[in-house]
Amino acid sequence: MPLMPKRVKYRKQQRGWMNGIATRGSKLSFGDYGLKAIDCAWVTAIQLEAARVALTRHVKRGGKIWMRIFPDKAYSKKPAETRMGKGKGAPEYYVAVVKPGRILFEMGGIPEALAKSALRLCAHKLSFRTKFVKRMGA
């Protein structure tokens, strides 16, 4: 089952703005290496799970991985071939709003070369540009 909130105050949300840069969650907090977003996007829960699986499989369950984003925004969609009107569609899935500068994943306890290759595989599962970042002391 994909990631989603346990319960929400309102089932449907407005789309909102995706412009601007991330002010929070833009620095490495837990691990030594991370994957940082360069573009803005909505990341679906399925994309996030695919990226996480690629990451954990590549490091063969070694080290520690932190996922720094969570899909908490409901994405609603009307069925195909439906006439206009009759209200907003039902929530289809959940997305996480990602702005440029946001750290998506962090890793620690593994060598840099392994972290770099794992995060490269992880980036292929996402639909926007990212870059590899590392802590100043690592």
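Residues numbered from 1 in each chain as written. Predicted model: local features only at pLDDT ≥ 70, side-chain atom pairs only at ≥ 80, totals over all residues. Heavy atoms only, no water.

Colleague: Describe in detail the overall build of the chain, supporting the description with residues and values.
Modeller: Within the chain, the regular secondary structure consists of two helices and seven strands. When the helices and strands of the chain are listed from N to C terminus, the series reads β-β-α-β-β-β-β-α-β. Taken along the three principal axes of its C-alpha coordinates, the chain extends 55 × 30 × 25 Å. Expressed as a percentage of the 138 residues in the chain, the buried residues total 36%. In the chain, 81% of the contacts between residues at least 6 apart in sequence involve partners at least 24 apart. As displayed, the chain offers around 9,200 Å² of accessible surface, 54% of which is attributable to carbon and sulfur atoms. The chain carries 30 positive and 8 negative side-chain charges, and their two centres are separated by 4 Å. (Helix = DSSP H or I, 4+ residues; strand = E, 2+ residues; numbered from the N terminus. Buried < 20%, exposed > 50% of the residue type's maximum accessible area, 1.4 Å probe, protein only. Contact = heavy atoms within 4.5 Å. Areas by Shrake-Rupley, 256 points an atom, 1.4 Å probe, with all protein chains shown as cover. Lys, Arg positive; Asp, Glu negative; His and termini not counted. Charge placed at Lys NZ, Arg CZ, Asp CG, Glu CD.)

Colleague: Describe in detail the sheet that holds strand β1 (residues 33-37), supporting the description with residues and values.
Modeller: The strand order across the open sheet formed by four strands is β3-β6-β1-β7, and the pairing between neighbours is antiparallel. Looking at which strands have only one partner, the edges of the open sheet turn out to be β3 (64-67) and β7 (130-134). Neighbour-to-neighbour, the strand axes of the sheet open up by a mean angle of 20 degrees, direction not taken into account. With four bridges connecting them, β1 and strand β6 (residues 103-108) associate as antiparallel partners. Within β6, the position partnered with Lys36 by the bridge is Ile103. Strands in contact with helix α1 (residues 45-58) are β3 and β6; relative to β6, the strand with the most contacts, it is inclined by about 20 degrees. The strands touched by helix α2 (residues 112-124) are β1, β6 and β7; relative to β1, the strand with the most contacts, the crossing angle is about 30 degrees. (Pairing = 2+ DSSP bridges. Axes fitted to C-alpha atoms, helices over the stretch in contact; angles between N-to-C directions.)

Colleague: Give a detailed account of the pairing of strand β4 (residues 73-77), specifying residues and quantitative values.
Modeller: Counting buried positions along β4 yields four of five residues, so the element is predominantly enclosed. With five bridges joining them, β4 and strand β5 (residues 90-98) adopt antiparallel strand pairing. Among the inter-strand pairings, Tyr75 is bridged to a residue of β5, identified as Tyr93.

Colleague: Summarise the packing of aromatic side chains; cite the residues concerned and give the values.
Modeller: Using the criterion set out here, one finds four aromatic pairs in the structure. Between Phe30 and Trp66 the ring centres are 5.8 Å apart and the planes differ by 20 degrees, which places this aromatic pair in the stacked class. Remark: Trp66 occurs in strand β3 and Phe30 occurs in the segment before β1; sequence separation between them is 36 residues. Looking at Trp66, the relative accessible area reads 23%, which means it is partly exposed. With centroids separated by 4.8 Å and ring planes inclined at 15 degrees, the aromatic side chains of Tyr75 and Tyr93 adopt a geometry described as stacked. A residue pair is termed long-range when its members are at least 10 positions apart, and Tyr75 in strand β4 and Tyr93 in strand β5 qualify at 18 residues. Assessed through its relative accessible area of 18%, Tyr75 is described here as buried. Connected via pairs of aromatic rings, a cluster forms that spans Trp42, Tyr75 and Tyr93. (Phe/Tyr/Trp six-rings, centres within 6.5 Å; stacked < 30°, edge-to-face > 60°.)

Colleague: Which residues make up the nonpolar core, and what values go with them?
Modeller: Leu35, Leu104, Phe105, Met107 and Phe128 are the most contacted members of the largest nonpolar core, which totals 23 residues. When contributions to this core are tallied by element, the ones reaching two or more residues are β1, β2 (41-44), α1, β5, β6 and α2. (Core = buried A, V, L, I, M, F, W, Y, C linked by side-chain atoms within 4.5 Å.)

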